2 protein chains.
Amino acid sequence: MDYERIKHTALQHKITTVDKVLELFKDGAVVASSGFTKAGDSKVVLPALAARNKDYPIQITLITGASLGNDTDAKLTSSGILKRRMPFQVDRVLRQAINNGEVLFVDQNLSETSEMLTDNQLPTIDVAIIEAAFITAEGDIVPTTSVGNSPIFAQKANKIIIEINTAVSTDLHGLHDIYIPEAYPNRKAINIFSPNDRIGANSIKVDPEKIAAIVFSNQVDSPADIAHIDTKTAAIASHLIRFLTNEVASGRLTKSLRPLQAGIGKVANAVLASLEQGDFEGLTMFSEVLQDSSFDLIDSGKLMFASAASITVSEACYQRVFNNLEKYRDKIVLRPQSISNAAEVIRRLGVIGINTAIEFDIYGNVNSSHIGGTHMMNGIGGSGDFARNAHMSIFVTQAASKGDSISHILPMVSHVDHNEHNVDVVVTDMGYADLRGLAPRERALKIIQNCAHPDYKDALQSYFDRAVKEVGGQTPHLLEEAFSWHTRLKQTGTMKHH
Amino acid sequence: MDYERIKHTALQHKITTVDKVLELFKDGAVVASSGFTKAGDSKVVLPALAARNKDYPIQITLITGASLGNDTDAKLTSSGILKRRMPFQVDRVLRQAINNGEVLFVDQNLSETSEMLTDNQLPTIDVAIIEAAFITAEGDIVPTTSVGNSPIFAQKANKIIIEINTAVSTDLHGLHDIYIPEAYPNRKAINIFSPNDRIGANSIKVDPEKIAAIVFSNQVDSPADIAHIDTKTAAIASHLIRFLTNEVASGRLTKSLRPLQAGIGKVANAVLASLEQGDFEGLTMFSEVLQDSSFDLIDSGKLMFASAASITVSEACYQRVFNNLEKYRDKIVLRPQSISNAAEVIRRLGVIGINTAIEFDIYGNVNSSHIGGTHMMNGIGGSGDFARNAHMSIFVTQAASKGDSISHILPMVSHVDHNEHNVDVVVTDMGYADLRGLAPRERALKIIQNCAHPDYKDALQSYFDRAVKEVGGQTPHLLEEAFSWHTRLKQTGTMKHH
């Protein structure tokens, strides 16, 4: 026990055991937990709750910031405790349970959960679990490597369990900027005019009466998987850099671009890494997650400031950042996801949003979440928050995959997360299509020409030509054939025509 | 000629004839024109341009606020002058040309055009035509019955033609609140915290050097069609009122609700009219268009204030409003559509958005724009701006139409304008489904049960049950069958199974 980490001494008597804490969880409970892209999640209470479920089976609704680390979602799923889960996940076991209909998954735009909680549009939270670096003298919670939805959980939950993680340095105090938009109808402006503007407090205000228990953990976050940058990913990045370079050359953007948002994963990481090579300077980020590449860009002097809701990095990068925090302290800020993903700020800053698509269609509609139109991959995440409000919304994917048996450009996407109105530029390893100001029939020609894999170009063009001739319309389609590529894949193992 | 209406006398020499003005329009020109939902459109220049095209054929890109009145879009289309049209239209002749592929239609969220112009993401405007009530002593333009995109057109166009409409009372000076968000990266907050907040000027600032010509017109706007409230529309309204009444009873809303947005047309009109009967008080609107029902609600004392981008009313209502302007002066404001539809303000005010769907599917995805997945009706309009950022996004439609041969609830929509993430409540004449916090499989059961027409309930339930059993997933679908209702309608004239 590290009493030093509870500076508000009157709270020290709330320290208890994990076993004791578990008594707070009843069947049917609505449970909220810190955790955003594997960072700052509950290390002991949620795993213990999963373990208890063998002997004492209950079912709960679990709301988090985004994904959890440490296989916690897998453990919870296997235990049978999850009745309902929101707003995001990336776990293989949970994903399967969702797709089997065993867990009800409420896939939400990441800015939305806190809005709905503020407004009592979701059930009341019975218990919230919040990972903390320490508790201040005033009794406030200093979060760890993510902020996520923790501030609104602390505000709205009936009971709060604080998990103090002694593996996290207390030096990160000051990295966070905690601000909760006021309840309606008295909401004020979110006064962020530059990614480095601070508008809130360094810690999460909490009603001491609601603190039901304090427990300790000592375990760092699950590290991010850093994928090797393969040829396709490098090609995608180079096309995107070419597009951005053209924008600068045309005078529409300066060398500092606009604040960047990048989705999580290997493509986004590669794109950010490429910016180091390009002729850019004075870059900033207004994003959800700080990945390894963000810190590489800071180290290279290209990235001046990065705002996000979490830090999710490899083990090596974790050491680099937290052993040299003074170097990064004035270059990063962690915000609640209601602010990192706020429509108001994204639009005001003119963010350039770069997100990954599972597939897009010839008109530029994007599927970010569903395999085959039915099976959930991870969820929409923050892509909708950014795509809808960005100055420029860019989606990237490979043109084809699995030995080119799957084309990622299709006649019609099997699920629409982002429609053509919110998709300005699409990029594959084949090239990019700048769709701004174009009508659907023009978009189709450009996408097929610039982005499709050569093995599928003729078939896409044939679909489009026949749709124009046989049906016509603003958005020509052959409804009988629109999903035939998906069904062919299912039946024959390839989208190719034989 | 009414020199009185050009108070900046140095501009009086710019008065010219319409014939002379037409010389400004060259082949390939990008032309912008005032006009939003038939209000404040060009009465003489655009029609004359259409007429000239017989003898002097050119092609142009035409950008407006939204739809035009006086069959102007029909005349332009028939003349062959339209190469490209954005961002919205409601004209029968133009619609056909769009669907035939003769006019390229760039269907845009109504808040987006000005954003793209500000940022030079659309081609430069060669000539803008702006209808004015008069020109102030400072040389500024006082708009008429709409603001729409006129401020940004005036700012970005190379040349400006002012059409002074002497049929419009100069008394409407003061109704407008003109504010253009600053260019990036220096954008400030939009300081509207209540629908009646004013943040700008009474008139549109314009560089006198850019004023190429001033012409006069004397013709009021095309009147709105006021449709009879039929049984189905009344039923939709009553279910929606029942939902809102329940929200008040639950304590989630007060009797003044939140600022209301209502799409244009008969259902929205009926819903607003019903609010007069319900137990509500102190209502406000933050919407796009003021219709007859808005003024009825003001007269009844229920509606305290209404903010919009235009006034589009019947002939009788037009007289009532403009002959009694003092009565309404402090109860209404007309704003640019970049402000009436601004994400920042819609979210901050917690607007309740009520929009019409062409069809929605069992998971709550909405099609607002396309017939049969291919043919453009009007466009997405402002529905996306509101649905994505509203506190609560409500979509309404009839359960079935055309002798019940068409079901408006379908296995899968043939075009997605609003996906399930941005659809909170759906209402038909059968009932409403409150979808907040539900997973897709739960949404389906509620929508089929509460909203589908009895003739289609079993078939929808059968589709869902088979999709769950045969395919499963987060969003169960049978891709081979998903559009079979649309194709059956096309082949047999009805969606019914025989």
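Residues numbered from 1 in each chain as written. Chains lettered and ligands numbered in written order. Predicted model: local features only at pLDDT ≥ 70, side-chain atom pairs only at ≥ 80, totals over all residues. Heavy atoms only, no water.

- Going by an unreviewed UniProt entry, chain A carries the name Acetyl-CoA hydrolase and comes from Olivibacter domesticus.
- The record held by UniProt for chain A lists under Sequence similarities (unreviewed entry) the comment "Belongs to the acetyl-CoA hydrolase/transferase family." (UniProt positions renumbered as here; feature names shortened; annotations may be inferred.)

1. Side note on the overall build of chain A
Part 1 of the argument: Each helix and strand in chain A was counted, giving 17 helices and 25 strands.
Part 2 of the argument: With the principal axes as the frame, chain A shows a C-alpha extent of 75 × 50 × 45 Å.
Part 3 of the argument: Across chain A, contacts joining residues at least 24 apart in sequence account for 73% of those joining residues at least 6 apart.
Part 4 of the argument: Computed over 48 positive and 57 negative side-chain charges, the inter-centroid distance for chain A is 1 Å. (Helix = DSSP H or I, 4+ residues; strand = E, 2+ residues; numbered from the N terminus. Contact = heavy atoms within 4.5 Å. Lys, Arg positive; Asp, Glu negative; His and termini not counted. Charge placed at Lys NZ, Arg CZ, Asp CG, Glu CD.)

2. Thoughts on the UniProt feature "domain: Acetyl-CoA hydrolase/transferase C-terminal" (unreviewed entry) in chain A
Part 1 of the argument: UniProt tags residues 319–463 of chain A as "domain: Acetyl-CoA hydrolase/transferase C-terminal" (unreviewed entry).
Part 2 of the argument: End-to-end, the C-alpha atoms of residues 319–463 of chain A are 52 Å apart, and along that stretch the chain is 33% helix and 25% strand.

3. Points about the pairing of strand 5 (residues 127–135) of chain B
Looking along a regular strand, one sees side chains alternate from face to face of the sheet.
All names here are of chain B.
Part 1 of the argument: Strand 5 sits mainly inside the fold: nine of its nine residues count as buried.
Part 2 of the argument: The pairing of strand 1 (residues 30–33) with strand 5 spans three bridges and is classified as parallel. When the sheet's bridge partners are listed, Ser33 is paired in strand 5 with Ile129.
Part 3 of the argument: Two elements, strand 5 and strand 7 (residues 159–165), share five bridges in a ladder whose sense is parallel. Of the residues in strand 7, the one forming a bridge with Ala128 is Ile160.
Part 4 of the argument: Of the pairings in the sheet, the one linking strand 5 to strand 6 (residues 141–143) comprises three bridges and is antiparallel in character. When the sheet's bridge partners are listed, Ala132 is paired in strand 6 with Pro143.
Part 5 of the argument: Counting the residues between successive antiparallel strands, the hairpin from strand 5 to strand 6 contains five residues, one of them, Gly139, with a positive phi of roughly 85 degrees. (Buried < 20%, exposed > 50% of the residue type's maximum accessible area, 1.4 Å probe, protein only. Pairing = 2+ DSSP bridges.)

4. Side note on the relation of the copies chain B and chain A
Part 1 of the argument: Mapping chain B onto chain A calls for a screw motion: a turn of 180 degrees about the axis and a shift of 0.0 Å along it, with 0.0 Å RMSD after fitting. When the rotation and shift are considered jointly, the pair of chain copies conforms to a two-fold rotation axis. Judged by C-alpha distance, Glu344 of chain B is the residue of chain B that lies nearest the rotation axis, at 2.1 Å.
Part 2 of the argument: Of the residues that chain B buries at the interface, 100% are likewise interface residues in chain A, meaning the two copies contact each other through the same surface. (Least-squares fit on C-alpha atoms with pLDDT ≥ 70 in both.)

5. A look at the packing of aromatic side chains
Residue and element names in this part refer to chain A.
Part 1 of the argument: Going through the model one piece at a time under the given rule, you end up with eleven aromatic pairs over all chains.
Part 2 of the argument: Ring geometry for Phe295 versus Tyr328: centroids 5.3 Å apart, planes at 90 degrees, classification edge-to-face. With Phe295 in helix 9 (residues 292–299) and Tyr328 in helix 11 (residues 325–328), this pair connects stretches of sequence that are 33 residues apart.
Part 3 of the argument: Note on Tyr328: relative accessible area 0%, which makes it buried.
Part 4 of the argument: Between the NZ or CZ atom of Lys7 and the centre of the ring of Phe134, over which it lies, the distance is 5.4 Å.
Part 5 of the argument: In this structure, Arg187 is placed above the aromatic ring of Tyr184, and the distance from its NZ or CZ to the ring centre is 4.3 Å. (Phe/Tyr/Trp six-rings, centres within 6.5 Å; stacked < 30°, edge-to-face > 60°. Lys NZ or Arg CZ within 6 Å of the ring centre and 35° of its normal.)

6. Describing the sheet that holds strand 17 (residues 366–367) of chain B
Residue and element names in this part refer to chain B.
Part 1 of the argument: Pairing is mixed in the open sheet, where three strands are placed in the order 17-16-23. A single partner strand is all that each edge strand has here, and the edge strands are strand 17 and strand 23 (409–410).
Part 2 of the argument: The pairing of strand 16 (residues 359–361) with strand 17 spans two bridges and is classified as antiparallel. Counted as the bridge partner of Phe360 is Val366 from strand 17.

7. Comments concerning the UniProt feature "binding site: CoA" (unreviewed entry) in chain A
Residue and element names in this part refer to chain A.
Part 1 of the argument: The feature "binding site: CoA" (unreviewed entry), as annotated in UniProt, sits at Gly263, Ile264, Gly265, Lys266, Val267, Ile358, Asn378, Gly382 and Lys402 in this numbering. Spatial dispersion of the annotated residues is evident: they stretch over 140 residues in sequence, and the largest pairwise C-alpha distance comes to 26.9 Å.
Part 2 of the argument: Position of Gly263 relative to the elements: it lies in the loop between strand 9 (260–262) and helix 8 (266–275).
Part 3 of the argument: Gly263 gets classed as buried once you look at its relative accessible area, which sits at 8%.
Part 4 of the argument: In this view, Gly263 contacts Ala268, Gln291, Ile354 and Asn355; residues no more than four positions away in its chain are not counted.
Part 5 of the argument: When near neighbours in sequence (up to four residues on either side) are disregarded, Ile358 contacts Asn367, Ser368, Ser369, His370, Ile371, Met377, Thr397 and His408.

8. With respect to the domain arrangement of chain A
Residues and elements named next belong to chain A.
Part 1 of the argument: Domain parsing of chain A yields domain 1 (3–217) and domain 2 (231–492).
Part 2 of the argument: Taking the mean C-alpha position of each, domain 1 and domain 2 sit 29 Å from one another.
Part 3 of the argument: With 45 residues of domain 1 at the interface, the matching set in domain 2 holds 44 residues.
Part 4 of the argument: Each partner contributes to the roughly 3600 Å² buried at the junction of domain 1 and domain 2, and carbon and sulfur atoms together form 58% of this total.
Part 5 of the argument: At the boundary of domain 1 and domain 2, one finds one salt bridge.
Part 6 of the argument: Residues Asp177 and Arg335 are paired through a salt bridge, measuring 3.1 Å at the closest nitrogen-oxygen approach.
Part 7 of the argument: Applying the counting rule to domain 1 against domain 2 returns 27 residue pairs in polar contact (both at pLDDT 80 or more).
Part 8 of the argument: The biggest single contributor to the side of domain 1 that touches domain 2 is helix 4 (residues 92–99), with three residues.
Part 9 of the argument: Classifying every residue of the side of domain 1 that touches domain 2 by side-chain character gives 20 nonpolar, 19 polar and six charged. (Domains from an automatic or database assignment. Buried area = accessible area lost by both parts, 1.4 Å probe. Salt bridge = Lys/Arg side-chain N within 4 Å of Asp/Glu carboxyl O. Polar contact = N/O pair within 3.5 Å; in protein donor to acceptor, adjacent residues only side chain to side chain. Nonpolar A, V, L, I, M, F, W, Y, C, P; charged D, E, K, R; others polar.)

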